[in-house]
Amino acid sequence: MAATAPHAVPAPAFDAERVRADFPILRRIINGRPLVYLDSGASAQRPLAVLRAVEDYETHCHANVHRGVYALSQAATEAYEGSRERVRRFINARSTREIIFVRGTTEGINLVAQAYARPRFGPGDEILITALEHHANIVPWQMVCEQTGCTLKVAPINRRGELLFDEFLKLLSSHTRLVAVAHVSNVLGTVLPVKRIVDAAHKHGAVVLVDGAQAVPHSNVDVRALGCDFYTFSSHKLYGPTGIGVLYGREELLAAMPPWQGGGDMILTVSFEKTTYNELPWKFEAGTPHISGAIGLAAAMDYVETLSLAAIAAHEQRLLALATEQLGRMPGIEIIGTAPHKAAVLSFTMAGVHPHDIGTILDAEGVAVRTGHHCAMPVMTFFGIPATARASFGCYNTESDVASLVAALEKAREVFA
Amino acid sequence: MDLKELYRDVILDHNRRPRNFGRIEPSDGHAEGHNPLCGDRLSVFVRLDGERVADIRFEGKGCAISTASASLMTEAVKGKERAAIGELFAKVHALLTQQDAAPDTALGKLAALSGVREFPVRVKCASLCWHTLNAALDRSADSVSTE
């Protein structure tokens, strides 16, 4: 997806039933039915490898990091910093100095907004986003606009949910200081042409932040191939723990930025007259970090790379194609987001049945989907709908899950017939 | 969990053909309600005759529970005085939230909402219209939220 389209990659053998066995939660019975989990776009489930890595750390290796001279603290520090190196390899960053652990994508974007944009931007400067962004990639920039007097510009999309690239180009100018775009739309599934966006923005001297929350679980992301300046994503959408995520930033940008939060770990020396800040990446990690979260995230990265992200993506694309075809044949179903290049996210509406009612009826059948505005109210407004139902697929979903979705939607139609 | 308990015929009927749907302009009181969880929005308009609600209408887009609850509410409160409406809301609230709420004959058709209490995330859908009506009667707040 980053450099290559997922369906262009030859698919290695992928045994989703074997993958399912790695996820204990999938054995749960919900409302008397086996769980059909189609909400990985909101949060993916955890494989045993992640659960065990976290448990092993908590059971045998926990102490605070970067502090003690004793063996346990050194072991914890090695495990934590080892996770940082794992992340570096995963996205092909140059250096671990470019890998900041944050709470999640939202915090990554806020860090850049407050520590990069806020001190630099002023009246006349522009921040350019797109019309399909998640609230997390809208509101932090609105706050910067309020704080600095700079202006937010929004590049439009079409009815298929694709970015109008020519319109995007027209909005780029010497006033554009920063471009912030989703790599993959959480509602529409659209994969944005990030490389082209980065190249165009750089010609105008603007830096580019990519919200990769929905892209990282479905593709090999190479931040150097993309050429972006900042890339941020969450662990829990990548089969890792909640409460941890990653902000990648080019070293020269991070080095020039002031710290965001002050406290322990982000300093070298403190006196009441003068404090010197720590080096990268710790300058941006005030306080005791989410150590077990970082370790769980590293285990999740090992897990998806063992399965092969290309194989996962190819498998999900088969499910997306199957579900798109089957839902497309159901009368009254309208699929929202029909870009040719999509990740495995399927938003839809059903004539005469509000998405909230779809969600309740599907739940009674054991089928978990997300319903609502998906933290993207402007996208709902663009399509003139209050909400959608959204099925999103992960490595553990199967054709049988698609069949359960279709059967449950038939049930919803019966209830509202 | 029984879907038939939630989506009773009365609910489905009021969702399909909401009663008192539309606006009253000019009105004596008007408020907008919003449920950020599901994006439901509705407006309630009242015309008053002293303490009595002489006419009431609502409009908006929402799920079946929210639309049916608003429709049933307008039928139930039309012609009633404020104090009686307050008492009725208290009974509806108990119906929606208390597992052991005894059936109250004063509820009439509103009793069809009893299935909602088995679905805690849907209680806000059913109560949004009542909060919005309260705001319309107060004529002070111009927007209420269930959050």
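First, a word on what this report is: a plain description of the structure on this page.

**Here we look at the pairing of strand β8 (residues 207-211) of chain A**
Residue and element names in this part refer to chain A. Counting buried positions over the five residues of β8 gives five, a clear majority of the element. Burial along β8 is two-sided: Val 207, Leu 209 and Asp 211 facing one way and Val 208 and Val 210 facing the other are all buried. Both strand β7 (residues 176-182) and β8 contribute to a ladder of five bridges, which runs parallel. Bridged to Ala 182 within β8 is Asp 211. Once you follow β7 into helix α7 (residues 194-203) and on to β8, the crossover reads as right-handed.

**Observations regarding the pairing of strand β11 (residues 267-270) of chain A**
All names here are of chain A. Where β11 lies against strand β12 (residues 275-277), three bridges are found, and the strand directions are antiparallel. By the bridge assignment, Ile 267 is partnered in β12 with Tyr 277. The antiparallel hairpin formed by β11 and β12 contains four residues in its connecting segment.

**Thoughts on the sheet that holds strand β10 (residues 245-249) of chain A**
Where strands meet in a sheet, backbone hydrogen bonds hold them as pairs that are either parallel or antiparallel. All names here are of chain A. Read across the open sheet, the seven strands follow the order β4-β10-β9-β8-β7-β5-β6; overall the sheet is mixed. Of all strands in the sheet, those bounded by a partner on one side alone are β4 (99-102) and β6 (151-155). With strand direction ignored, the average angle separating the axes of adjacent strands in the sheet is 20 degrees. Bridge analysis of strand β9 (residues 230-234) against β10 gives five bridges, and the strand direction is antiparallel. Bridge pairing links Phe 233 to Val 246 in β10. The sheet contacts of helix α3 (residues 71-91) involve β4, β9 and β10, and relative to β4 the element is tilted by about 115 degrees.

**Observations concerning the sheet that holds strand β16 (residues 370-372) of chain A**
All names here are of chain A. On the basis of which strands lie adjacent, the open sheet formed by four strands has the order β13-β14-β17-β16 and antiparallel pairing. Across the chains shown, the open sheet's two edge strands, defined by having one partner strand only, are β13 (333-336) and β16. Averaged over all pairs of adjacent strands, the angle between strand axes in this sheet comes to 30 degrees, irrespective of strand direction. Pairing analysis gives three bridges linking β16 to strand β17 (residues 388-392), with the strands arranged antiparallel. Paired with Gly 372 across the two strands is Thr 388, which belongs to β17. The strands touched by helix α11 (residues 309-328) are β13, β14 (345-350) and β17; relative to β14, the strand with the most contacts, the crossing angle is about 10 degrees. Lying on the sheet, helix α12 (residues 355-364) is in contact with β14, β16 and β17; it crosses β16 at an angle near 155 degrees.

**Focus on helix α5 (residues 139-148) of chain A**
All names here are of chain A. When we look at burial in α5, the residues that qualify are Pro 140, Trp 141 and Val 144. The buried residues of α5 occupy an angular sector of 95 degrees when projected down its axis, which confines them to one face. Summarising the contacts, the buried residues of α5 are in contact with α4 (105-120), β5 (126-130), β6 and β7. Just downstream of α5 lies Gly 149, where phi reads positive at about 85 degrees.

**Things to note about helix α10 (residues 291-307) of chain A**
Three- or four-residue spacings in an α-helix give side chains the same orientation, since the helix completes a turn every 3.6 residues. Under the 1.5 Å per step criterion, the end-to-end length of α10 of chain A is 25 Å for 17 residues, consistent within 8% with the ideal 24 Å. Positive backbone phi, at 90 degrees, marks Ser 308 of chain A, one or two positions downstream of α10 of chain A.

Conventions we followed
Residues numbered from 1 in each chain as written. Chains lettered and ligands numbered in written order. Predicted model: local features only at pLDDT ≥ 70, side-chain atom pairs only at ≥ 80, totals over all residues. Buried ≥ 20, exposed ≤ 12 C-beta atoms within 10 Å, placed from the backbone. Helix = DSSP H or I, 4+ residues; strand = E, 2+ residues; numbered from the N terminus. Pairing = 2+ DSSP bridges. Right-handed = clockwise from strand over helix to strand, strands pointing away. Axes fitted to C-alpha atoms, helices over the stretch in contact; angles between N-to-C directions. Contact = placed C-beta atoms within 7 Å. Arc of directions from axis to C-beta. Expected span 1.5 Å × (residues − 1).

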